[in-house]
Amino acid sequence: MRIAAKYSHMNGEEYLLVHKPELWQEVCDAISSVDAEACKNKVSREKTMLGKMLYAPDEMNRAFDLYLREKGWAERRNTFWVAHDELLLRQIYRESGEVQKKAIREAGYEPIMSYNETDFVKERVAVEVQFGKYAFVAHDLFVKHLSFYVSGIIDVGIEILPMKSLESEMSSGVPYYERDLLNVVRQGRGVPAVPLVLIGVAP
């Protein structure tokens, strides 16, 4: 698999090249290590492409998972507590979970536990490999990476997506780089307020 396109949001790639070049190289090596053709083993059951051999998202995800975990990348969860009081949430968001929970109770509310989870984090860099449903990419970009950044867990997020040329040979509902590039670009240069690198991959 190869990098066909990339977009650096808020100098995400530049940050990696200067401060974390070895991690950037590991991500690039992870991409090139995936044998896309070996993952083209899913027989379509959809009416529009019945019987066609497609790229299997699970196989590609597994290949990334094996490579990155071997290099020390690991899942990370960011747990926090919420209530329906906007002002209270603004005051406690950067506090520890225990402080959040206590403050919510003291304000007379019942704390509700929530969390965000990222598949791969290493040395303050997060990577999401997205061959699943397209709705999850927006959540990654505008919620998950931002949450980890604001919480001081990461300095930059990386989102790996199939190019449209690859997506067209996968099951329907899979995201693709070109659409999600537009989702970021049309928000303006400062939204989401987290350094990111969007990577479009192709066989």
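Structure shown above.
Note that the structure is predicted; figures quoted are calculated from it, not measured. (Residues numbered from 1 in each chain as written. Predicted model: local features only at pLDDT ≥ 70, side-chain atom pairs only at ≥ 80, totals over all residues. Heavy atoms only, no water.)

J.: Explanation requested: the sheet that holds strand E1 (residues 2–9) in the structure shown.
T.: Each strand in a sheet pairs with its neighbour through backbone hydrogen bonds, running either in the same direction (parallel) or in the opposite one (antiparallel). Ordered by their spatial adjacency, six strands build an open sheet running E1-E8-E7-E6-E5-E4, and the pairing between neighbours is mixed. At either margin of the open sheet sits one strand with a lone partner, and together these are E1 and strand E4 (74–82). When the angles between neighbouring strand axes are averaged without regard to direction, this sheet yields 35°. Looking at chain direction, strand E7 (residues 156–162) and strand E8 (residues 196–202) are connected through six bridges and run parallel. (Pairing = 2+ DSSP bridges. Helix = DSSP H or I, 4+ residues; strand = E, 2+ residues; numbered from the N terminus. Axes fitted to C-alpha atoms, helices over the stretch in contact; angles between N-to-C directions.)

J.: Help me out: how do you make sense of the packing of helix H2 (residues 21–33) against helix H3 (residues 57–70) in this one?
T.: Axes are the key here: two packed helices are described by the angle between their axes and the distance separating the axes. Remark: H2 packs on H3, axes separated minimally by 9 Å, with the N-to-C direction vectors making an angle of 145°. As H2 runs across H3, the sense of the crossing is right-handed. In contact with Glu 26, Asp 29, Ala 30, Ile 31 and Ser 33 of H2, H3 contributes Phe 64, Tyr 67 and Leu 68. Considered class by class, the residues forming the contact of H2 with H3 number five nonpolar, one polar and two charged. (Left-handed = near helix turned anticlockwise from the far one by under 90°. Contact = heavy atoms within 4.5 Å. Nonpolar A, V, L, I, M, F, W, Y, C, P; charged D, E, K, R; others polar.)

J.: I would appreciate a short explanation of the side chain of Lys 144 in the present structure.
T.: The topology assignment puts Lys 144 in helix H6 (residues 135–150). In terms of polar contacts, Lys 144 uses its side chain to reach the side chain of Asp 140, at 3.4 Å. Not counting chain neighbours up to four residues away, the residues in contact with Lys 144 comprise Asn 116, Glu 117, Thr 118, Glu 128 and His 139. (Polar contact = N/O pair within 3.5 Å; in protein donor to acceptor, adjacent residues only side chain to side chain.)

J.: Quick question: what am I supposed to make of the environment of Ile 104 here?
T.: Position of Ile 104 relative to the elements: it lies in helix H5 (residues 97–106). In this structure Ile 104 comes out as buried when scored by relative accessible area, which is 0%. Along the chain, Ile 104 and Glu 117 lie 13 residues apart, while their C-alpha atoms are 23 Å from each other. If near-sequence neighbours (up to four positions away) are discounted, Ile 104 is found in contact with Trp 81, Val 82, Ala 83, Leu 88, Ile 92, Tyr 109, Glu 110 and Pro 111. (Buried < 20%, exposed > 50% of the residue type's maximum accessible area, 1.4 Å probe, protein only.)

J.: Is there a simple way to think about helix H1 (residues 12–19) in this case?
T.: Within an α-helix, residues lying three or four positions from one another point in the same direction, as the helix has 3.6 residues per turn. Among all positions in H1, only Gly 12, Glu 13 and Leu 16 are buried. With its buried residues spanning 100° around the axis, H1 presents them on a single face. In this structure, the buried residues of H1 make contact with E1, H2, strand E6 (125–129), E7 and E8. (Arc of directions from axis to C-beta.)

J.: Can you walk me through the layout of surface pockets in this structure?
T.: A probe matching the size of a water molecule, rolled over the atoms, marks out where space remains unfilled. Taken as a whole, the largest pocket spans an internal volume of roughly 220 Å³. If you trace the largest pocket, you find 14 residues lining it, with Asn 61, Asp 119, Glu 128, Val 129 and Gln 130 closest to the centre. Elements with a contribution of two residues or more to the lining of the largest pocket: H3, strand E5 (112–122), E6 and H6. Take the lining of the largest pocket: its biggest share by element is four residues, from H6. Within the lining of the largest pocket, the residues separate by chemical class into four nonpolar, four polar and six charged. (1 Å grid on protein atoms, 1.4 Å probe; cavity = no way out; pocket = protein on both sides within 12 Å on 5 of 7 lines; lining within 4 Å. Points joined across faces, edges and corners; volume = space filled by probe spheres on them.)

J.: I'm lost on the pattern of salt bridges in this one. Help?
T.: A side chain with one charge can pair with a side chain of the opposite charge if their charged atoms come near. Under the counting rule described, the total for this entry stands at 13 salt bridges. Between Glu 123 and Lys 20 there is a salt bridge; the shortest N-O distance is 3.8 Å. Taken together, the positions of Glu 123 in the loop between E5 and E6 and Lys 20 in the loop between H1 and H2 put the pair 103 residues apart, joining distant regions of the chain. Taking relative accessible area as the criterion, Glu 123 reaches 42% and is therefore assigned partly exposed. With a relative accessible area of 15%, Lys 20 lands in the buried category. Between Arg 124 and Asp 155 there is a salt bridge, with its nearest N and O atoms 2.8 Å apart. Placement of Arg 124 in the loop between E5 and E6 and of Asp 155 in the loop between H6 and E7 is noted, with a sequence separation of 31 residues between them. (Salt bridge = Lys/Arg side-chain N within 4 Å of Asp/Glu carboxyl O.)

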